[in-house]
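One letter stands for each residue in the lines below.
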Amino acid sequence: MEQHFPKMIPKHCEVCKKTDGLLRCGGCKTYYYCGREHQTADRPTHRTTCKTIKDSRTKIEDEEAKIRARPAYDLEMPVNVLDDPAHVGRLWTWQPVRPYLHEMLIRSWRQQGIEDALAVYLEILRLNINDNQGARFLIPALYMRLGRNQEAYDFLKGWALHAAGRPETKELENPSLMYLHVKNADPTEGVDLWTGRFLQLAFMSSIQLLKTRLGMGLDLILEYRKALPPGAPIASPREILADVHGPYCGDIIERFAESLVNEDAITKKRDEVDEQLADLFVATAKYNEHFWPMMLQPAERDFSTRSLRYTFGSREEAHLAFTYTYPAWCETPMALETLRATVTARK
Ligand SMILES: [Zn+2]
Ligand SMILES: [Zn+2]
């Protein structure tokens, strides 16, 4: 596995890395410990960070109090803008609310645990569904890092449908959901939504990884079946899945387990996914020539400054999508190797 670059990992004790039975630091509510002993041990190191995070939280609370008090300079703004369902998803509209949303985004960068960061990004979307801050681009990869592939796929598909103008927002049961309306979509379906028109590089990288996981899950099932002695009773797909699925694709493979009764059906699905992966790969490569090389060659990543402003197809754009999605690729065994093989095969 390639070097794991960001700090953010699932919740863990700062000292011993244990992941169960954790207590949260009461000061910053961001760091975790397995118990008092390790919290005390880490205190000298953690003190400064703890204060910085705590101050940021205080700032969020102050901004919230200001909004609730409704500043006199914006009497147009509804008094209960933070709670009224008619306004809550459109907070960006109101200037006085922007510092609050900005602080939320900063808070998300300071989260140590993926679960906590995801929760903040989802909260930013709940407050402002138009997402002027771009929180949505990080969400699918974070879902995948938590093994929540189905939710990642639903999110990606919802956005793709929205970008393609279908369904029209006004046709939705709850228009304020915009692209958050897809539930339990089929992750094996075709990729026209992504290849027909360009969406967004971080989303392209996420869908490519999701399908890569799917393909690898199908391979595992095929290998498992081949390893069975001839004439051995074939276990039910669900039994096979219990044996082969890891945290990488289990949730999405399980949903169509019953349709994988025979080898032909699995091989067919596997071929379809392969074709989809090739189409996605080409669409992304055409759109931004820097992206795949950046994922595979460390030399391509040497950026001393990070810019949030970029032009389409630029190296800066590739770098941003890279930072958002690379950890999820690294954490999927063999995913980058598969990508490398694709690049080599196309040369
Ligand atoms: Zn510990
Ligand atoms: Zn703390």
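- The name that an unreviewed UniProt entry assigns to the protein is MYND-type domain-containing protein, with the source organism given as Staphylotrichum longicolle.

Considering the coordination of the zinc ion (ligand 1)
For step 1, the next point in the chain: The zinc ion (ligand 1) binds to the protein through Cys13 (SG), Cys16 (SG), Cys34 (SG) and His38 (ND1), with metal-donor distances spanning 2.0 to 2.4 Å.
For step 2, the next point in the chain: Viewed at the metal, the four donor atoms of the zinc ion (ligand 1) are separated by angles of 92 to 116°, and the geometry they form is tetrahedral.
For step 3, the next point in the chain: Read from N- to C-terminus, the donor residues coordinating the zinc ion (ligand 1) fall into the pattern C-x2-C-x17-C-x3-H. With cysteine 16 in the segment before β1 (23-24) and cysteine 34 in the loop between β2 (32-33) and α1 (36-69), this pair connects stretches of sequence that are 18 residues apart.

Concerning helix α5 (residues 149-163)
For step 1, the next point in the chain: For α5, built from 15 residues, the straight-helix expectation of 21 Å at 1.5 Å per residue is met to within 8% by its first-to-last C-alpha distance of 21 Å.
For step 2, the next point in the chain: For α5, the tally of buried residues reaches twelve of 15 residues, placing the bulk of the element in the interior.
For step 3, the next point in the chain: Listed as buried for α5 are Asn149, Gln150, Ala152, Tyr153, Asp154, Phe155, Leu156, Lys157, Gly158, Trp159, Ala160 and Leu161.
For step 4, the next point in the chain: The secondary structure elements touched by the buried residues of α5 are α3 (114-127), α4 (139-145), α6 (192-195), α7 (201-226) and α9 (250-254).
For step 5, the next point in the chain: Residue glycine 165 follows α5 closely and has a positive phi angle near 80°.

Concerning the layout of surface pockets
For step 1, the next point in the chain: Taken as a whole, the second largest pocket spans an internal volume of roughly 370 Å³.
For step 2, the next point in the chain: For the second largest pocket, the lining is made up of 20 residues, of which Arg126, Ile129, Ser176, Leu177 and Leu180 are closest to its centre.
For step 3, the next point in the chain: Contributions of two or more residues to the lining of the second largest pocket are made by α3 and α5.
For step 4, the next point in the chain: Residue composition of the lining of the second largest pocket, by class: twelve nonpolar, three polar and five charged.

Regarding a negative patch on the surface
For step 1, the next point in the chain: The grouping of Asp192, Asp271, Glu275 and Asp279 at the surface amounts to a negative patch.
For step 2, the next point in the chain: Here the element with the most residues in the negative patch is helix α10 (residues 263-287); it accounts for three residues.
For step 3, the next point in the chain: One can find glutamate 275 in helix α10.

Comments concerning the side chain of serine 206
For step 1, the next point in the chain: With respect to the helices and strands, the residue serine 206 is situated in helix α7.
For step 2, the next point in the chain: When its relative accessible area of 1% is taken as the criterion, serine 206 is described as buried.
For step 3, the next point in the chain: If we ignore the near neighbours within four places in the chain, the residues touching serine 206 are Pro140, Ala141, Met144, Leu156 and Thr325.

Some remarks on the coordination of the zinc ion (ligand 2)
When a metal carries six donors in an octahedron, the ideal angles between them are 90 or 180 degrees, while four donors in a tetrahedron ideally lie at 109.5 degrees.
For step 1, the next point in the chain: The protein atoms that coordinate the zinc ion (ligand 2) are Cys25 (SG), Cys28 (SG), His46 (NE2) and Cys50 (SG), at distances of 2.0 to 2.4 Å.
For step 2, the next point in the chain: For the zinc ion (ligand 2), the four donor atoms are set out with angles of 101 to 120° between them, so the coordination reads as tetrahedral.
For step 3, the next point in the chain: Between consecutive donors of the zinc ion (ligand 2), the numbers of intervening residues give the motif C-x2-C-x17-H-x3-C. Remark: histidine 46 occurs in helix α1 and cysteine 28 occurs in the loop between β1 and β2; sequence separation between them is 18 residues. Neither residue differs from the other here; cysteine 28 and histidine 46 are each classed as buried.

Criteria and thresholds
Residues numbered from 1 in each chain as written. Chains lettered and ligands numbered in written order. Predicted model: local features only at pLDDT ≥ 70, side-chain atom pairs only at ≥ 80, totals over all residues. Heavy atoms only, no water. Donors = N, O, S within 2.8 Å, 3.2 Å for Na, K, Ca; no water. Tetrahedral: all angles 85-135°; square planar, octahedral: opposite > 155°, others 65-115°. Helix = DSSP H or I, 4+ residues; strand = E, 2+ residues; numbered from the N terminus. Expected span 1.5 Å × (residues − 1). Buried < 20%, exposed > 50% of the residue type's maximum accessible area, 1.4 Å probe, protein only. Contact = heavy atoms within 4.5 Å. 1 Å grid on protein atoms, 1.4 Å probe; cavity = no way out; pocket = protein on both sides within 12 Å on 5 of 7 lines; lining within 4 Å. Points joined across faces, edges and corners; volume = space filled by probe spheres on them. Nonpolar A, V, L, I, M, F, W, Y, C, P; charged D, E, K, R; others polar. Patch = residues over 30% accessible without salt bridge, like charges linked within 9 Å, V, L, I, M, F, W, Y side chains within 5 Å. Areas by Shrake-Rupley, 256 points an atom, 1.4 Å probe, with all protein chains shown as cover. Salt bridge = Lys/Arg side-chain N within 4 Å of Asp/Glu carboxyl O. Lys, Arg positive; Asp, Glu negative; His and termini not counted. Charge placed at Lys NZ, Arg CZ, Asp CG, Glu CD.

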